[in-house]
Each structure stands twice: as structure tokens, then as C-alpha cells.
Amino acid sequence: MPRPAAAYVEGIGLLGPGLPTWTAGKAVLAGDAPYVERPAQLPPADTLPTAERRRVGDVVKIALAIGYQAAAAAGQDPARLATVFTASGADGVVCHEICQMLASNDRQISPTRFHNSVHNAPSGYWSIATGARTPSTSLCAFDASFSAGLLEALCQVEVAREPVLLIAYDSGYPEPLQRVRPIPGAFGVALLLAPGRGEASLGRIDVELTDDVADAMSDPKLETLRTGYPAARGLPLLVALAGGLARRQVLDYFDHHRLAVTTTP
Amino acid sequence: MSLSMPACAAPKVKPLHLSHFTATTCLGRGLAANLAALHGERSGLAPCRFETVNLPTCVGEVAGVDDERLPAAFNAFDCRNNRLAHLGLAQDHFRDAVAAASARYGADRIGVFVGTSTSGILQAELAYRRRDSVTGALPQDFRYATTQNTFSVADFVQRTLRLRGPAAAVSSACASSAKAFGSGARMIEAGLIDAAVVGGVDSLCLTTLYGFSSLQLASTRPCRPFDRERDGLSIGEAAAFFLIERPPQAPSPEAILLLGIGESNDAYHMSSPHPEGVGARMAMEQALAGAGLAPAAIDYINLHGTGTRSNDLVEGRAVLALFGNATYCSSTKGSVGHTLGAAGGVEAAIGALALREGFMPAGVNMHDLDPAMPLAYLQRNETLAPQRVLSNSFGFGGTNCSLVLGRAGAPSGAT
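For every chain, the first residue of the written sequence is number 1, and numbering continues from 1 onward in sequence order. To label them, take the chains in the order written and letter them from A, then take the ligands in the order written and number them from 1. The predicted origin of the model limits local features to residues at a pLDDT of at least 70 and limits the giving and counting of side-chain atom pairs to 80 or more, whereas totals for whole chains, interfaces and linings rest on all residues.

> Would you explain the overall build of chain A in this entry?
Strands here mean DSSP runs of E at least two residues long; helices mean DSSP runs of H or I at least four residues long; both are numbered from the N terminus. Looking only at helices and strands, chain A has 10 helices and 8 strands in total. Taking the principal axes of the C-alpha coordinates as reference, chain A spans close to 60 × 40 × 35 Å. Backbone-placed C-beta atoms define the burial measure: a residue is buried with 20 or more other C-beta atoms within 10 Å of its own, exposed with 12 or fewer, and partly exposed in between. Within chain A, the proportion of its 265 residues that are buried is 60%. Note that contacts rest on C-beta atoms placed from the backbone: two residues are in contact if these are within 7 Å. Partitioning the intrachain contacts of chain A with sequence separation of at least 6 by distance along the chain shows that 71% fall at a separation of at least 24.

> How should the overall build of chain B be read in this particular structure?
Within chain B one finds 12 helices and 15 strands. The C-alpha radius of gyration computed for chain B amounts to 20 Å, which stays within 12% of the reference 22 Å derived for 415 residues, consistent with globular compactness. Each principal axis of the C-alpha distribution contributes one length, and for chain B these read about 65 × 50 × 40 Å. Residues counted as buried form 65% of the 415 residues belonging to chain B. Taking the intrachain contacts of chain B between residues at least 6 apart in sequence as the baseline, contacts between residues at least 24 apart amount to 80%. In this treatment the radius of gyration is a C-alpha quantity, and the globule benchmark scales as 2.2 Å times the residue count to the 0.38 power.

> Explain the pairing of strand β6 (residues 167–170) of chain B to me, please; I cannot follow it from the model alone.
Residues in a regular strand point their side chains to alternate faces of the sheet. Side-chain alternation along β6 of chain B places A167 and A169 of chain B on one buried face and A168 and V170 of chain B on a second face that is also buried. Two strands make a pair as long as DSSP finds a minimum of two bridges between them. In the sheet, strand β3 (residues 136–140) of chain A pairs with β6 of chain B via 2 bridges, with the strands oriented antiparallel. Of the residues in β6 of chain B, the one forming a bridge with C140 of chain A is A169 of chain B. Summarising the sheet, strand β5 (residues 110–115) of chain B and β6 of chain B pair through 4 bridges and their orientation is parallel. Directly across from V114 of chain B, in β6 of chain B, lies its bridge partner A169 of chain B.

> Sorry if this is basic, but what is going on with the interface of chain A and chain B here?
Interface extent is often summarised as the accessible area lost during association of the parts. Each side of the interface is counted separately: chain A has 57 residues, and chain B has 59 residues. If you list the elements that add at least two residues to the side of chain A that touches chain B, you get α4 (92–102), α5 (111–116), α6 (121–130), β3, α7 (145–160) and α8 (177–180) of chain A. Sort the elements by how many residues they give to the side of chain A that touches chain B and α7 of chain A lands first, with 8 residues. Here the term charged refers only to Asp, Glu, Lys and Arg, the term nonpolar to Ala, Val, Leu, Ile, Met, Phe, Trp, Tyr, Cys and Pro, and the term polar to all other amino acids, Gly among them. Here the side of chain A that touches chain B is composed, by residue class, of 28 nonpolar, 19 polar and 10 charged.

> Before we go on, may I ask you to explain the confidence of the model for chain B in this structure?
The predicted coordinates ought not to be read in detail in places where the model reports low pLDDT. Each residue carries a pLDDT score, the predictor's own confidence in it, on a scale running from 0 to 100. Looking at chain B, pLDDT values average 96 and 97% of them are 70 or higher. Low pLDDT, under 50, characterises residues 1–9 of chain B; the stretch is placed with 18 contacts to residues that sit more than four places away or in other chains.

> Hey, could you run me through the nonpolar core in this one?
A general tendency of soluble globular proteins is for nonpolar side chains to be buried together. We define the nonpolar core as any set of buried residues of the types Ala, Val, Leu, Ile, Met, Phe, Trp, Tyr and Cys, connected via C-beta atoms lying within 7 Å of each other. Among the nonpolar cores identified, the biggest contains 240 residues, and I12, I66, L166 and L193 of chain A together with A196, V197 and L405 of chain B are the most heavily contacted of them. Broken down by element, the residue count for this core peaks at 11 residues, all from helix α3 (residues 58–73) of chain A. Boundary definitions for the domains trace back to an automatic or database domain assignment. For this core, the domains that each give at least three residues are domain 1 (16–245) and domain 2 (257–407) of chain B. Apart from the residues lying within four places of it in its own chain, the contact partners of A196 of chain B are I110, G111, V112, F113, G184, M187, I188 and I244 of chain B.

> Is there a simple way to explain the packing of helix α2 (residues 80–89) of chain B against helix α6 (residues 152–160) of chain B in this structure?
Two quantities define a packed helix pair, namely the angle between the axes and the distance from one axis to the other. All names here are of chain B. An axis is simply a line fitted to the C-alpha atoms; with a helix, the fit covers only the stretch in contact. Between two such axes, the angle follows the N-to-C directions and lies from 0 to 180 degrees. The contact between α2 and α6 brings their axes to 10 Å, and the two run at 40°. Here α2 and α6 pass one another in a crossing that is right-handed. Contacts between α2 and α6 pair N81, N82, A85, H86 and L89 from the former with S152, V153, F156, V157 and T160 from the latter. Looking at side-chain class alone, the contact of α2 with α6 contains 5 nonpolar, 5 polar and no charged residues. Crossings are assigned a handedness: left-handed for a near helix turned anticlockwise from the far helix by less than a right angle, right-handed for a clockwise turn.

> Hey, could you run me through the packing of helix α9 (residues 278–291) of chain B against helix α10 (residues 309–323) of chain B in this one?
Residue and element names in this part refer to chain B. The contact between α9 and α10 brings their axes to 9 Å, and the two run at 45°. Relative to α10, the element α9 is oriented oblique. For the pair α9 and α10, the sense of crossing is right-handed. In this structure, α9 contributes A280, R281, M284 and E285 to the contact, and α10 contributes V314, E315, A318, A321 and L322. Here roughly perpendicular refers to angles of 65 to 115 degrees, roughly parallel to angles under 35, roughly antiparallel to angles over 145, and oblique to all remaining angles.

Structural data, given as C-alpha cells:
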């Protein structure tokens, strides 16, 4: 790549085991507080109308929670932001329920389950909750989903010269899918990326493809998160942003390439 | 600029060259077979005989997908969706065109963005019938990552074309493969890559057949988009691929360019379109704005036109509001069915064929145009040669995407 793709990080959302918000997680990732393993608590999707709120699963709750966090941190109106959603798969619970019904004698799956099964369901609910009619893309790149979403969002910032909200998330799979896709639960990282530096800016990132191997987390428990949840592959970047570090870190992407992300506070 | 333009309106984008493309649908394998069927105003829809499905519906099934075999090195990827991708890539010398581009730019400099809604979910549906009776476990031979996972088809396409650039599956329901053009185009414009393979693949599965049936959106007959008597969609399957790159300094007049992309969300409902078509109109307006074109510069609109009562009504009204009733339009889903995540790609290929071959395809099965939408709807093929076409794709979650394609030699049609 002759020229890195660049943007400013204007807000962050974070939610995962032991990392309940970016504010709390920032202290842990900067080394100012110990990491204490606790199950992730997903807030209810209370910005959705009642009828929709009852119908959504963890995959929507986590996407909405981290998206709102990042937008609020940057002081931006979510309704005006273009979004990139990226996840290693669609809602595993809904997938399981549909496959189970289709293998039974009664194949009449419910309409709600059917429309909740689409990969872009969190994007659809986000749009309903926020009123955003802005462009929204939903990507999947299996274990490479975080980096794939980051590249997509950076390109949108570069071409449109407008802020873009990246929402990277995963949710757990029930058995028997859990055995073939062992994602233990929900984890999400949202980055509000902008073409210029704002008041709340955490710094600039420059991203390019590299053959270097991905960086690991120095804390073994955090490394378990990084390798256990595809959306957590971005944690080394969050460490640099939490600590205000000028450094180059390498994030997992594909077998054939990784992403080198240089942070400049 | 209208009031409905979103906060982040698309800037005027640099045109991209659709230097090579191919499509495989129920009408046949590759462009020649599809073109012949379109010229003959034929439908490929037939009563559903797929798998064990017992529904009174019609489908657009691609013949011979079950007989397709992946190379041994790709055994882990073996599923209906990747077989259809493999079949699609083998048509119209598409692999040769990609290999030549790869030699020119380098395998690292070509991205892969494939739209799909259900990828290889059929493999999981089948595996659930063979769960261990004691433990409930899925069978040992089930490969989640390389079949069921949404990324599987993009992964397969990237590996089988020996490309090493950025890649992703774009999965925004029925707008997926239209939006894949956006991902590829932006990455080229940002300078991360020089070319991209974009398109879409979706294949028949029980989830979508029973799902649309449960929503009471599937017709018992071959679908009749925009007909007064229309009563639902017919699901199809397809693979469509494009090689997109920067146009040459002086493209030939026949070169087909991607001129504009418009994307929006309805912010209304997960499976019903906004009743006034706000999002649909925004997507069309943005695509025109990105292309720097006035509505009158569009000669033909390939409508999303699924054949359901509400979708066609909303789209028809949005088109009338923006274009008036003089622009020729049709939905080609009466021919190929609704190919879901592949629809945007298939219909871009049909639009590109219309530009290349100088005709506008009829909306087959439409006998009596709904008087609520007095459009210039093509009941028969039109032999006037279009210079620019617009293609609409709308999906669950309220996602909308419109593409503008045109001949490089088209006369000016600026706003």
C-alpha cells in the first residue's frame, strides 16, 4: 500500500467481560486499574420503540450500546452519522432457533425471527432507534471482521470527508453451534472516525497492510479476550488510545496480511 | 438539493470502469444465455422442487448446481452457495480477466467484496437434521467457517482467484451486492487498491423459502412485479461478478462505467418499507448526485420490484415523484426471481447488458400495470439504446442502494 488510510478517533464505545464501558475499560487498558473478569452486562435497547425492544437479542443490544457510547463521547448526533457495522456472524441464537425449526416437522418459522436473522439486523434497529437515514454498511469477514470494518470505515472517511461510526461486535452462540464456533458471549468496540481533529479527539490513526505478525496483549486475561472474540482483535489499538501512546501496533486480519495501525495522540 | 438529502450526502464520485462482468441465473450460465432469455422475454421461474421444501411457491433455480464440484483443495468450502460461486466464476472468461488484472496490479492490490444474505446457511440447515441423538452435537463433517459463515463465499472467491488484498462479505440483506460496489469503489478511490472483484452470490435455502412464506410475501405463481394483481415474490438464486477498476485515460465510447452510488436507510421498520418511500428516494437522489446527473439523464430504471403489494407501491411512487412518468422502467425479477443478496449484482449485470447491447428489458409476467403507479413500465422489450441506467436494491432493515451505470460515450446529462 503506497499511502496509509488515516482518520482521527473522536469517540470510543466498549463493552465486554470486565470492560463495561470505555470510561471504565480505558483505565484497565492504560494499566491504571487491574482487569477483573466479570460477565458483560448488556443494557436494554431502551431507545427502541416498545414493540421492537421486546424482539431484539444480544447482538442488537451490544451494537446499540457501544454505538451510543462512541457518539456521545464525541458529542455527535447519532442520527447524522454514517455507520459501518461489522460482525463475525449474524445472531447465533436466532440462527439456532431457525435451524432447529427447519429440522423439525413444523417449519413455519416466525416472521420476527426471520427478519432478525439477517446480518444487518443491528444496522436496521440502529436506524430505527436513532432515526439515522444515513448510509450504513454491514460487513462480515469471520475472524478478520474488526480489521475489515476498520478499513471500510477509514475509506468512507477518506472519500466522503465526513465522520463514520464503526460498530464492531459479536455475540455468543448457543449449543450445538457453540462447539463449532466457540464465541463465549458479547463483545463490542465502536470507533467514531473523522477526517479532522475535534475537541474530544483521542488522536490520529494511520493504517496500512503489513506482513508482520499481530501484537498480543501483555495481560494473559486480556489476551484471552483478544483471541476469543473477533471484535476484540482491535484491543491493541485501544491500549494505545487509552494510554495516549504514539506507537505502531499490528492487528489480526487475514492469513495473508495484518493491519499496521500507527497512533499519534 | 432536496430537503431529504441526508447529513452526509455522497460527494461526486470518480467513475469506475466495469471492465469485465458475468452473471449466472435461472435463465442460464453466463451473459450469452441470460441475454438470449432476456431478448426472448422468457422467465426462468418454475414451481419449487428444491430439496424437501413443501411450499406452493415458484423459484428461480440455477440448473446443475448440485453437480458442480469444487477443486479438491477447496473441499472444506463445499456447499451450494460456493458451488454456485464456482459455477459463476467459470463463465465469460471472468477468471482470465482477474488473472490478467492480478498480473498487472499485483494480487495484493485487488480487493474482493461479495454480497450475500444467507451464504451457506443451507449446510447448517442440513446438519441440524443429523444432530447426535444423545449429545445434540452437529455432525463431524459440518464446517461452520467455510460454509455457513457469511464470509465463506467472499473467502472462497478470494482464495480461488488467488487474490491477497482486502476482502469482506457485504451482508445488507437484499441490497448486499449493490452495496458491494460501494465498498470496492471507495477502497479504489482511497488508494488502498487498484481494482476490485465485486458482486453477489445467494442460493436457495430453507430459511428464506420458509421465511418469506411465513411473512406471506411469497406468491404461489411466478412473481408479477408492478401488475395490478401481483401477490408476492419468487425467490431465485444467482452469482454475478464484476471487475471494477479506474477507467483508461480515453475509454472507448462502449465502455461501461459505474457513475454513481446512493445509499440510505429507512429508519422505519425491519421488514416493511417506509410508506412514503423516503429512503428509496434518498438512495436514488444520492446516486444521481454522485454521478452529477439530473433525473432526465436516466434512460432506463431497473426497479427493485419484488412483486409484493407494498414494496412495488412504495418504489413506484418514489420513482414517479423523482422521475415523473416518462422514464422507461421494469423489474426483471419476473425473469430471474428475487435473488436476495445477489439481486443488486444480477440487476447491475442486466443494466450493463442493456447498455452494451442497446435494448431495455421487459418486466415479464406483468400483464396489467397497477393504475396506482402510472409508470413507463416496459411490458415488451424496447429497442431504443439506453445511455445511462439506474438500478435499485432495497432490503430488510430498511437498507437502500441505487447504482447509476452509463456508457462512456454518453452525451452530457449534468444536473
